[in-house]
Amino acid sequence: LYLRLTRQGDEFRSETSGDGKTWQRFGTHKVQGFGPVVVGPAAVHNTSGAYEVTFDEYQIKSLNEEKK
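Sequence order sets the numbering: in each chain, residues are counted from 1 along the sequence as written. Two thresholds apply to this predicted model, a pLDDT of at least 70 for residue-level local features and 80 or more for giving and counting side-chain atom pairs, whereas whole-chain, interface and lining totals are computed over all residues. Heavy atoms from the whole structure form the basis of all side-chain values; hydrogens and water molecules are not counted.

S.K.: How should the sheet that holds strand β1 (residues 2-8) be read in this particular structure?
M.R.: Within a sheet, neighbouring strands are paired by backbone hydrogen bonds and run either parallel or antiparallel to one another. In this description, strands pair whenever DSSP reports at least two bridges between them. Numbering of helices and strands runs from the N terminus, with a helix taken as a DSSP run of H or I at least four residues long and a strand as a DSSP run of E at least two residues long. The sheet built from three strands is open, its strands ordered β1-β2-β3 with antiparallel pairing. In the strand order of this sheet, the two ends are held by β1 and β3 (24-30), each with one partner. This sheet shows a mean twist of 20° between the axes of neighbouring strands, independent of strand direction. As judged from the six bridges shared by strand β2 (residues 11-17) and β3, these two strands associate in the antiparallel manner. Among the inter-strand pairings, E15 is bridged to a residue of β3, identified as R25. All axes here are fitted lines through C-alpha atoms, helices being fitted over the stretch that makes contact, and every angle between N-to-C directions spans 0 to 180 degrees.

Dropping the structure here:
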């Protein structure tokens, strides 16, 4: 399963794909105040318990690369 997160201004779009080619949107959120783009994976939770996160096989690329 592929997960694609896209930010345009203050709008964040979440999409999934089984093959990396056909995408299905499952959420759009508007969040203000982020300012400049900060790129990279992140994981958070809302409890005080410890946790460990592993990211595997992800890519960060500009939207211009995708349109080629």
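That shown, we press on.
S.K.: So what exactly am I meant to see when it comes to the pairing of β2 here?
M.R.: A regular strand places its side chains so that they alternate between the two faces of the sheet. Of the pairings in the sheet, the one linking β1 to β2 comprises seven bridges and is antiparallel in character. Directly across from Q8, in β2, lies its bridge partner E11. Taking the residues between adjacent antiparallel strands as the criterion, β1 and β2 are bridged by two residues, where G9 takes a positive phi near 65°. The antiparallel pairing of β2 with β3 creates a hairpin that spans six residues between the two strands, and G20 there sits at a positive phi of about 80°.

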